Each structure stands twice: as C-alpha cells, then as structure tokens.
Amino acid sequence: VRAQWREVDKVLDLRFALKEFSAEELAALMAIIITEKPKILILYLQGNEITDEGATRIAEALPSLSKLQGLNLNNNRIGEEGVMKIAEALPCLGAVLGLTLDLDPNQ
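What follows concerns the overall build of the protein chain. On a plain count of helices and strands, the protein chain comes out with 4 helices and 4 strands. Ordered by position from the N terminus, the helices and strands of the protein chain form the series α-β-α-β-α-β-α-β. A total of 107 residues make up the protein chain; the buried ones form 41% of that total. Summarising the internal contacts of the protein chain: among those between residues at least 6 apart in sequence, 89% fall at separations of at least 24.

This is the structure in structure tokens:
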C-alpha cells in the first residue's frame, strides 16, 4: 500500500465514502498520511462508522495535511469526545481558505 501511495502523493481529492473502515484500517490510513504527508485538499470520510477513536486518529493526522481545505465526516458515529479532538487539531492547519467540517448527523 505504501509503495502505491508514493505514486499518488499529489492527490488533491481523496474519497473514502461508505467504505465502513474498521478501526485498524482507519488507523493504518492515518498512519500513512502522517508518514507520507500527501497533498490532499479535500478528504471525504463520510458514512464509515467512524467513532471517537477514529476521530482521534484523524485529528492526529491533520497536522500532516497542511493543504487541507475540506473534510467531510458526516454520517459517522463520532460523539462529543471525537468532535473535540478534531476541533483541537484544526488550528494546526494554518491559513485554511474554506474548511468544511460536516459532522451532521453524528452522535
């Protein structure tokens, strides 16, 4: 997976909607993002049953996504704790022109 990722390090729009990632799969994806620091402008992760644990992993990866302008997390299972982790990580994105953090409807 990592070798394939290197070839797409100029990704602008990464869509993983309705994939229903396991916690381990989401953690692996976020670990690759942290390591490879791809140029993603928009990240779609809606409809994946992401929980607070997954939201924490996403929050940990956000500093590696310095170009991120859009993040869609709707239709997941993110509760207050996960929302807070994402919110705490948002300042690391710097000068974002238009970040859409769509958490509706989550828990």
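Next up on the list: helix 4 (residues 80-89). Restricting attention to buried positions, one finds in helix 4 the residues Gly82, Ile86 and Ala89. For helix 4, the buried positions fall inside an angular range of 65 degrees around the axis, keeping them on one side. Of the exposed residues in helix 4, the ones pointing more than 90 degrees away from its buried face are Glu80, Glu81 and Glu88.

Each value, and the rule that gives it
Residues numbered from 1 in each chain as written. Predicted model: local features only at pLDDT ≥ 70, side-chain atom pairs only at ≥ 80, totals over all residues. Heavy atoms only, no water. Helix = DSSP H or I, 4+ residues; strand = E, 2+ residues; numbered from the N terminus. Buried < 20%, exposed > 50% of the residue type's maximum accessible area, 1.4 Å probe, protein only. Contact = heavy atoms within 4.5 Å. Arc of directions from axis to C-beta.

Note that all results are geometric; they support no functional claim without further evidence.
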